[in-house]
Amino acid sequence: MSEHVLSTPFGDVSLTIDESGEGRPVLLLHGGAGPVSVSGFAELLARRGNRVLTPVHPGFGGTARPEKLDSVRGLAEVYARLLEEWEIENATVIGSSVGGWVAAELALAAPERLAGLVLLDAVGLESAEHPVADFFSLTFDQVVDLSYADPDAYRIDLSALPDEQKRIAAGNRDALRVYGGESMADPSLKGRLAAVSTPTLVVWGEADRMVTPAYGREYADAIPGAGFRVIERAGHLPQIEAPDALLAVFEEFAESAEA
């Protein structure tokens, strides 16, 4: 992990970034579960000939968040600045959950820097027919039940965690609420997605009950030319439950996007 300070409209933003591997640039954006939820998949990608950048969204993982940085669109602007300052072009952006929402906004903010967009069980779309589960009203066990194909394999006792981990988990939840709001949706997003010009693949865990596959199809339908793939035996975090299957889907998409 290294820290990089970016000058942004929100003031100086300190980004903690894990960089690994060499080759195709991949920006991997985590969801509300924090950077640990994508770290294993980052290692897989790095071993397969990718230069993987995994930033920690400010406010997550115990990091600081500037007060003015309080929206998903703002966070996407920060990552657009990162790609510009690091002179990264032809990046494939992969975003999980709220990270998918950030990735979609990044595709609108800096399309000239992107070669591909992969949305993993993304949120952000307002849907009357397939609404996102009310995350902030759920207990941790309820979130686990709705998020995994095999919930018991990922259930933990929060009360048994060390105090530092409890503090980080609470900070992650607070940051998620600041960025995504209570509804985890932006009413304007669906209409704006029609302007996405980056080749896009929307990927969904078949067993996701936090954000259902029907919501995922709605997301894909809002983006011109987007593909839609379902991962079996996976829920809201296919990169954790079915990493090899997800890797195969990613590599097939990346090769087609480069062709």
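As a reminder, the structure under discussion sits directly above these lines.
Residues numbered from 1 in each chain as written. Predicted model: local features only at pLDDT ≥ 70, side-chain atom pairs only at ≥ 80, totals over all residues. Heavy atoms only, no water.

Engineer: I'd love a proper account of the overall build of the chain, names of residues and values included.
Structural biologist: Helices and strands together make up the secondary structure of the chain, namely nine helices and 10 strands. Relative to the globule expectation of 18 Å for 259 residues, the C-alpha radius of gyration of the chain, 17 Å, shows essentially globular dimensions. The burial tally for the chain puts 52% of its 259 residues in the buried class. By sequence separation, contacts in the chain at least 24 residues apart represent 76% of the contacts at least 6 residues apart. Total accessible area computed for the chain in this model is approximately 11300 Å², and 49% of it derives from carbon and sulfur atoms. A gap of 1 Å separates the mean positions of the 20 positive and 40 negative side-chain charges of the chain. (Helix = DSSP H or I, 4+ residues; strand = E, 2+ residues; numbered from the N terminus. Rg over C-alpha atoms; globule rule 2.2 N^0.38 Å. Buried < 20%, exposed > 50% of the residue type's maximum accessible area, 1.4 Å probe, protein only. Contact = heavy atoms within 4.5 Å. Areas by Shrake-Rupley, 256 points an atom, 1.4 Å probe, with all protein chains shown as cover. Lys, Arg positive; Asp, Glu negative; His and termini not counted. Charge placed at Lys NZ, Arg CZ, Asp CG, Glu CD.)

Engineer: Which residues make up the sheet that holds strand β4 (residues 50–56), and what values do they have?
Structural biologist: The strands that make up a sheet pair up through hydrogen bonds in the backbone, lying either parallel or antiparallel. Overall, mixed pairing links the eight strands, which are arranged β1-β2-β4-β3-β5-β6-β9-β10 in an open sheet. Looking at which strands have only one partner, the edges of the open sheet turn out to be β1 (2–8) and β10 (227–231). Across this sheet, the average inter-strand angle for adjacent strands is 25°, counted without regard to direction. Bridge count for strand β9 (residues 200–205) against β10 is five bridges, and the pairing is parallel. (Pairing = 2+ DSSP bridges. Axes fitted to C-alpha atoms, helices over the stretch in contact; angles between N-to-C directions.)

Engineer: Explain the packing of aromatic side chains residue by residue, including any values.
Structural biologist: Under the counting rule described, the total for this entry stands at five aromatic pairs. Summarising the aromatic geometry, the rings of Tyr148 and Tyr154 are spaced 4.4 Å apart at their centres and angled 10° between planes, so their arrangement reads as stacked. Three or more aromatic residues joined by ring pairs make a cluster, and in this case those are Trp204, Tyr215 and Tyr219. Stacked on the ring of Phe136, the Lys or Arg Arg177 has its end atom at 4.2 Å from the ring centre. (Phe/Tyr/Trp six-rings, centres within 6.5 Å; stacked < 30°, edge-to-face > 60°. Lys NZ or Arg CZ within 6 Å of the ring centre and 35° of its normal.)

Engineer: Talk me through the layout of surface pockets; I want residue IDs and the actual numbers.
Structural biologist: To find leftover empty space, a probe the size of one water molecule is rolled over the atoms. Taken as a whole, the largest pocket encloses approximately 1200 Å³ of empty space. Broken down by secondary-structure element, the contributors of at least two residues to the lining of the largest pocket are α1 (36–47), α4 (140–147) and α5 (163–180). The element contributing the most residues to the lining of the largest pocket is α5, with eight residues. (1 Å grid on protein atoms, 1.4 Å probe; cavity = no way out; pocket = protein on both sides within 12 Å on 5 of 7 lines; lining within 4 Å. Points joined across faces, edges and corners; volume = space filled by probe spheres on them.)

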